[in-house]
Amino acid sequence: MKTSVVIIGGGPAGLLLARLLQLNDIDCVVIERRSREYVLSRIRAGVLEQGLVDLLHEAEVDSRLQAVGEVHRRFDIAFHDDVCRIDMDKLTDGKSVTVYGQTEVTRDLYDALDAAGTRIFHDAEGVELHELDTDAPYITFEANEKKHRISAQFIAGCDGFHGPSRQAMPVTVRHDYELVYPFGWLGILTETPPVAEELIYAGHESGFALCSLRSRALSRYYVQCPIDDDVADWSDDRFWDVLKSRLPTDVAESLITGPTIEKSIAPLRSFVSEPMSWHRLFLAGDAAHIVPPTGAKGLNLAASDVYYLSHALIRFFNQNDDTGLINYSATALARVWKAERFSWWMTQLLHFFPNQNKFEQRLRAAEFDYLKSSRAAQTALAENYAGLAY
Ligand code: RFL
Ligand code: PHB
């Protein structure tokens, strides 16, 4: 089989890229290791920057998002009962984020791609990339008990942190930069009304907590936990007790608890692999970088990569101009590193680090104090949270 662009990975990055190419009459095929049901059962991000909302509009998959997505103009950062409101609207001249689940974004993209007849292989096993440094790269894999070979002009590696695309670059050209945090986030989903209209990020000496939501009837809460904790040791009651102990008193008192419908632990990591392209291979999203979820940047960075890559490919195929492709890695990385810095900073501010000494703890307290008292500091936080320009 032949195509113009073969896309490895049917997560948000791969699907959004496929949709933007398909709308521009560029032939592509998506290869996904998991079943569609599995992909659509993964609960992940929920906060969309305006840049991603605009890109979903460009991809013509935003009708459900416009109908049910919630626009958020502010959020709170709290330490015990000390609450600092970050008013994005006022601080950034009207910027906001939209709360709409990554699962729903993925579902909308699958629906649009199906309707357009884009080829998507699910349950693809043993994907391998070949001849990337020639004009005729191809991939091989097995699906539906058959061996497949697909030749393409370009390969887009959108296969997440554990996928084969990044590994296909020779180690001599790749540079990995990494920080692994000594804790994880235990997240739950519950069919209860959210405790507040906006998100609340809470720092506490026993660990971080976050109140988020998916809708007026569906809440998402997180607590920081030791990285080697077993989710089986976290009963619902234990989760609610720990969450309440880390929230401002009035918030804890008004929290409505209920049975959890999903519970999982995610590790926290900061990671960047450079460069993001090599000959005919282009990486996008978690395949090239990971951020800790504290700044809600993972999905949004995948989107800005796809913005740069889709526009570069469209320019190549429609105008025979490869400038965007040549500049892709440097352009995407410039934005990636700013989001890495912001996510790292927010993680440092709000989490309990087991090895931190008293001096570092005092610095953390001073950082929050400064944030509360300085409009400039709040503006910097609001501008990054709402999302830097593409
Ligand atoms: P994804 O979503 O990981 O999709 C990659 C896809 O590639 C497939 N794949 C393969 N396909 C073919 N062959 C192979 N060999 C393959 N290997 C893997 C995978 O099955 C998958 O479908 O990456 P993408 O598209 O770059 O999107 C990035 C976002 O998903 C990610 O940044 C965020 O979800 C990160 N993230 C969160 N971000 C937030 O902003 N807020 C959150 O609350 C949040 N929670 C999370 C998260 C990531 C998590 N992971 C990756 C463990 C919670 C979790 C559990
Ligand atoms: C979420 O709703 O899952 C969420 C929100 C904000 C974050 C991380 C996760 O920073």
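The rules behind each value
Residues numbered from 1 in each chain as written. Chains lettered and ligands numbered in written order. Predicted model: local features only at pLDDT ≥ 70, side-chain atom pairs only at ≥ 80, totals over all residues. Heavy atoms only, no water. Buried < 20%, exposed > 50% of the residue type's maximum accessible area, 1.4 Å probe, protein only. Helix = DSSP H or I, 4+ residues; strand = E, 2+ residues; numbered from the N terminus. Pairing = 2+ DSSP bridges. Salt bridge = Lys/Arg side-chain N within 4 Å of Asp/Glu carboxyl O. Domains from an automatic or database assignment. Contact = heavy atoms within 4.5 Å. Buried area = accessible area lost by both parts, 1.4 Å probe. Near = heavy atom within 4 Å. Polar contact = N/O pair within 3.5 Å; in protein donor to acceptor, adjacent residues only side chain to side chain. Areas by Shrake-Rupley, 256 points an atom, 1.4 Å probe, with all protein chains shown as cover. Nonpolar A, V, L, I, M, F, W, Y, C, P; charged D, E, K, R; others polar. Axes fitted to C-alpha atoms, helices over the stretch in contact; angles between N-to-C directions.

This part takes up the pairing of strand E5 (residues 74-79). Counting buried residues in E5 gives five out of six residues, a clear majority hidden from the surface. With six bridges joining them, E5 and strand E6 (residues 82-87) adopt antiparallel strand pairing. By the bridge assignment for E6, Arg74 is matched with Asp87. Adjacent in sequence and paired antiparallel, E5 and E6 are bridged by two residues, among which His80 carries a positive phi angle near 55°. Here E5 runs beside strand E13 (residues 200-203); their pairing, made up of four bridges, is parallel. Among the inter-strand pairings, Phe79 is bridged to a residue of E13, identified as Gly203.

Before going further, it helps to examine the pattern of salt bridges. Pairing is possible between side chains that carry opposite charge, provided their charged atoms lie close to one another. Applying the stated criterion across every chain yields a total of 21 salt bridges. Across the pair Asp27 and Arg119 runs a salt bridge whose closest N-O atoms are separated by 3.0 Å. With Asp27 in the loop between helix H1 (12-23) and strand E2 (28-31) and Arg119 in strand E8 (residues 119-121), the pair connects residues that are 92 residues apart, well separated along the chain. Close ionic contact of Arg315 with Asp321 constitutes a salt bridge, the shortest N to O distance being 3.0 Å. A network of salt bridges, in which partner residues are shared, links Arg64, Glu104, Arg107 and Asp108.

A common way to express how large an interface is: the accessible area buried when the components associate. For the chain, the assigned domains are domain 1 (2-70 + 99-178 + 269-348) and domain 2 (182-267 + 353-386). Placing a centre on the C-alpha atoms of domain 1 and another on those of domain 2 gives a separation of 29 Å. In this assembly, 22 residues from domain 1 lie in contact with 22 residues from domain 2. Carbon and sulfur atoms make up 60% of the area that domain 1 and domain 2 hide from each other, which totals about 1800 Å². Scanning the region where domain 1 abuts domain 2 turns up one salt bridge.

Before going further, it helps to spend a moment on the site of ligand 2. Inspection of the region around ligand 2 gives 13 residues, with Tyr201, Ser212, Arg214, Tyr222 and Pro293 positioned closest. Here Tyr201 contributes a side-chain N or O atom positioned 2.8 Å from an oxygen atom of ligand 2. At a separation of 2.7 Å, an oxygen atom of ligand 2 approaches a polar side-chain atom of Arg214. In the complex, 97% of the free accessible area of ligand 2, which totals 280 Å², lies under the protein chains. Put simply, the parts of the chain that give the shell around ligand 2 at least two residues each are strand E14 (209-215) and strand E15 (218-226). Of the residues in the shell around ligand 2, the class split is eight nonpolar, two polar and three charged. Both domains that meet at the shell around ligand 2, namely domain 1 (2-70 + 99-178 + 269-348) and domain 2 (182-267 + 353-386), each give it at least three residues.

We now examine the side chain of Thr3. Mapped onto the fold, Thr3 is located in strand E1 (residues 2-8). Separated by 3.4 Å, the side chain of Thr3 and the backbone nitrogen of Cys28 make a polar contact. With residues up to four places along the chain from it excluded, the contact list for Thr3 reads Asp27, Cys28, Val29, Arg119, Ile150, Ser151, Ala152 and Gln153.

A separate point is the sheet that holds strand E3 (residues 47-49). The strand order E3-E7-E4 describes an open sheet built from three strands, whose pairing is antiparallel. Edge positions in the sheet fall to E3 and strand E4 (70-72), since each of these pairs with one other strand and no more. Each adjacent strand pair in this sheet contributes to an overall mean axis angle of 35°, direction not counted. Sheet analysis places E3 next to strand E7 (residues 97-99), joined by three bridges and oriented antiparallel. Within E7, the position partnered with Glu49 by the bridge is Val97. Sitting on the sheet, helix H3 (residues 50-58) is in contact with E3 and E7, with an inclination near 80° to E3.

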